[in-house]
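Survey of secondary and tertiary structure
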Amino acid sequence: MKLVNMFNTSYPDTAYKNPLPCYLSVGHKIFLRHPELYYIPAFLHTKNAVLSIPAKLNLCLCCNQGDAGKILAEVHEKLAEIIAPGITSLEIDRKGEELIRNAGCIPSFKGYEGYPASICVSINDEVVHGIPSKEHHLFDGDIVSLDAGVIYKGYQSDAARTHGVGTIDAEAKRLIEVTKESFFRGIAFAKAGNRLYDISAAIQRYVESQGFSVVRDLVGHGIGTEMHEEPEIPNFKPKFGRGIRLKAGMTLAIEPMVNAGSYDVWMLEDDWTIVTQDGKNAAHYENTILVTDGEPEILSLN
Ligand code: MF3
Ligand code: CO
């Protein structure tokens with residue numbers, strides 16, 4: 001079974017490649033830090049039907065991943081203030097990196113699999129992983145997704161927000177709001193004892209009820225001392241299974257990527273930028289959360 005359709009070969013044009021996102025490197029690593037948090041994923045991990053080995057389950061209550069989240073929340077709050085027509089995506093990246101380093105953190109994206117910046121800045125039809133550039137100016141009416149990750153004392157946090165630039169139309173506004181709301185619909189199910197795909201299904205149900213679509217080729221992820229850990233967290237209900245059972249202490253990056261039109265995406269020639277195939281807008285909203293026996297904690301939102 002394929003969880004994520006990374007290898008769809010239906011792209012029509014050599015100018016584009018299919019999505020081969022960084023999530024491919026998620027998992028397959030074993031850490032022995034908190035054995036009580038180990039699990040055996042209930043899904044077959046690759047299309048070759050290799051059963052995934054017991055994998056580390058992200059974080060625990062005794063390690064302060066929460067500080068990384070708090071700092072990242074502030075970085076996003078400050079970046080929101082500089083979003084305005086005229087600014088370039090490179091200026092946003094520079095400011096973001098400065099905020100992250102001044103808080104004593106490392107920008108986790110910089111150099112990750114060769115990614116050249118600290119903040120992913122994705123404009124309009126760019127879904128995620130837009131590369132900051134001095135050529136990319138924000139215009140009135142654009143929407144812009146900012147994705148950032150920090151490492152603080154060895155612990156990772158990852159979060160994304162989508163903003164309107166100047167005055168945006170009602171449909172763009174609704175896309176941003178639905179994307180954010182879908183995250184909250186999803187984490188309502190992030191409780192010990194529930195199944196992972198309860199989260200996925202709730203996100204998909206809400207997004208589709210609003211007439212938008214969830215991207216299939218990119219997923220959320222566990223997060224701990226690595227940015228991308230198991231499990232993969234699709235924003236749609238996979239065909240088979242219900243996903244792993246959630247346990248208190250898991251830290252997850254839940255990140256709906258929502259397209260205004262169809263869910264199909266392409267990767268640009270830069271090997272990073274993911275864009276909608278139909279050229280319509282896309283939005284992204286992400287937080288690092290902690291599963292508990294009660295309500296989940298959102299670590300990257302103050
Ligand atoms: N923030 C992305 C994620 O949510 C990863 C960014 S890829 C990077 O998983 F290369 F930019 F770091
Ligand atoms: Co993420």
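In this text, all values refer to a predicted model and were calculated from it rather than measured experimentally.

Cut-offs applied
- Residues numbered from 1 in each chain as written.
- Chains lettered and ligands numbered in written order.
- Predicted model: local features only at pLDDT ≥ 70, side-chain atom pairs only at ≥ 80, totals over all residues.
- Heavy atoms only, no water.
- Pairing = 2+ DSSP bridges.
- Helix = DSSP H or I, 4+ residues; strand = E, 2+ residues; numbered from the N terminus.
- Axes fitted to C-alpha atoms, helices over the stretch in contact; angles between N-to-C directions.
- Near = heavy atom within 4 Å.
- Polar contact = N/O pair within 3.5 Å; in protein donor to acceptor, adjacent residues only side chain to side chain.
- Areas by Shrake-Rupley, 256 points an atom, 1.4 Å probe, with all protein chains shown as cover.
- Donors = N, O, S within 2.8 Å, 3.2 Å for Na, K, Ca; no water.
- Tetrahedral: all angles 85-135°; square planar, octahedral: opposite > 155°, others 65-115°.
- Buried < 20%, exposed > 50% of the residue type's maximum accessible area, 1.4 Å probe, protein only.
- Lys, Arg positive; Asp, Glu negative; His and termini not counted.
- Salt bridge = Lys/Arg side-chain N within 4 Å of Asp/Glu carboxyl O.
- Contact = heavy atoms within 4.5 Å.
- Phe/Tyr/Trp six-rings, centres within 6.5 Å; stacked < 30°, edge-to-face > 60°.
- Core = buried A, V, L, I, M, F, W, Y, C linked by side-chain atoms within 4.5 Å.
- Expected span 1.5 Å × (residues − 1).

Paired through their backbone hydrogen bonds, the strands of a sheet run either parallel or antiparallel. Strand order in the open sheet formed by 3 strands is S3-S12-S11, with antiparallel pairing between adjacent strands. Looking at strand neighbours, the two that pair on one side only are strand S3 (126-128) and strand S11 (265-267), the edges of this open sheet. Taken over all neighbouring pairs, the strand axes of this sheet differ in orientation by 40° on average, direction set aside. The sheet contact formed by S3 and strand S12 (residues 274-276) spans 2 bridges and is antiparallel. Within S12, the residue paired with valine 128 across the bridge is isoleucine 274.

This part is about the site of ligand 1. By nearness alone, 15 residues border ligand 1, and Phe109, Asp147, Asp158, His228 and Glu255 come closest of all. Contact between ligand 1 and aspartate 147: a nitrogen atom at 2.7 Å from a side-chain N or O atom of the residue. One of the side-chain N or O atoms of glutamate 286 is found 3.3 Å from an oxygen atom in ligand 1. The fraction of the free accessible surface of ligand 1 (330 Å²) that becomes covered by protein chains is 100%.

Let us now look at the coordination of the cobalt ion (ligand 2). The coordination sphere of the cobalt ion (ligand 2), as far as protein atoms go, consists of Asp158 (OD), His221 (NE2), Glu255 (OE) and Glu286 (OE), spread over 2.1 to 2.3 Å. One way to put it: the 6 donor atoms around the cobalt ion (ligand 2) meet at angles of 49 to 177°, and that makes the site irregular. You can call aspartate 158 buried: its relative accessible area is 3%.

This part covers the side chain of glutamate 286. Its location among the elements puts glutamate 286 in the loop between strand S13 (282-284) and strand S14 (287-290). No salt bridge is formed by the buried glutamate 286; its nearest oppositely charged neighbour, arginine 161, is found at 7.7 Å. The contact partners of glutamate 286, leaving out residues within four places of it in the chain, are Asp147, Asp158, Ala159, Ala160, Arg161, His221, Ala253, Ile254 and Glu255.

On to the packing of aromatic side chains, then. According to the stated counting rule, one finds 4 aromatic pairs in the structure shown. Relative to tyrosine 285, the ring of phenylalanine 183 has its centre 5.3 Å away and its plane inclined at 65°; by these criteria the two rings are edge-to-face. A residue pair is termed long-range when its members are at least 10 positions apart, and phenylalanine 183 in helix H3 (residues 170-187) and tyrosine 285 in the loop between S13 and S14 qualify at 102 residues. On the basis of relative accessibility, which here comes to 5%, the residue tyrosine 285 falls in the buried class. Ring geometry for phenylalanine 184 and tyrosine 285: centres 6.2 Å apart, planes at 40°, overall tilted. With phenylalanine 184 in helix H3 and tyrosine 285 in the loop between S13 and S14, this residue pair connects regions lying 101 residues apart in the sequence. Among the residues examined, phenylalanine 184 registers a relative accessible area of 28% and is labelled partly exposed. Here the aromatic residues Phe183, Phe184 and Tyr285 are joined through ring pairs into a cluster of three or more.

Here we come to the nonpolar core. In terms of nonpolar packing, the biggest core is built from 29 residues, with Leu196, Ile199, Val207, Leu246, Leu252, Ile254 and Ile289 touching the most fellow members. Of all elements in the fold, only H3, helix H4 (196-209) and strand S9 (251-254) reach the threshold of two or more residues within this core. When sequence neighbours within four positions are dropped, the list of residues in contact with leucine 246 reads Phe189, Ala190, Lys191, Ala192, Gly193, Asn194, Arg195, Leu196, Ile199, Leu252 and Val291. In terms of nonpolar packing, the next biggest core, distinct from the first, is built from 22 residues, Val75, Ile87, Ile119 and Leu146 among them.

Right, let's talk about the sheet that holds strand S7 (residues 220-222) for a bit. On the basis of which strands lie adjacent, the open sheet formed by 5 strands has the order S8-S7-S9-S14-S15 and antiparallel pairing. Strands at the two margins of the open sheet, each flanked by one partner only, are strand S8 (229-233) and strand S15 (297-298). The pairing of S7 with S9 spans 2 bridges and is classified as antiparallel. Counted as the bridge partner of histidine 221 is alanine 253 from S9.

Here helix H2 (residues 89-102) spans 20 Å end to end across 14 residues, near enough to the 20 Å set by a 1.5 Å rise per residue. Listing the buried residues of H2 in full gives Ser89, Leu90, Ile92, Asp93, Gly96, Glu97, Leu99 and Ile100. Buried residues in H2 make contact with helix H1 (65-82), strand S1 (106-107), strand S2 (119-123) and strand S4 (143-152). Positive backbone phi, at 80°, marks glycine 104, one or two positions downstream of H2.

What follows covers the pattern of salt bridges. If you walk through the whole model with that rule in mind, you get 9 salt bridges. Between lysine 191 and glutamate 295 there is a salt bridge, with the nearest N and O atoms lying 3.5 Å from each other. Here lysine 191, found in the loop between H3 and H4, pairs with glutamate 295, found in the loop between S14 and S15; they are 104 residues apart in sequence, far enough to count as distant. The exposure class of lysine 191 is partly exposed, given its relative accessible area of 27%.

This brings us to the pairing of S14. Covered by surrounding structure in S14 are Asn287 and Ile289 together with Thr288 and Leu290, the residues of both alternating faces. Sheet analysis places S9 next to S14, joined by 4 bridges and oriented antiparallel. Within the sheet, the bridge partner assigned to isoleucine 254 lies in S14 and is asparagine 287. Linking S14 to S15, which pair antiparallel, is a turn of 6 residues.

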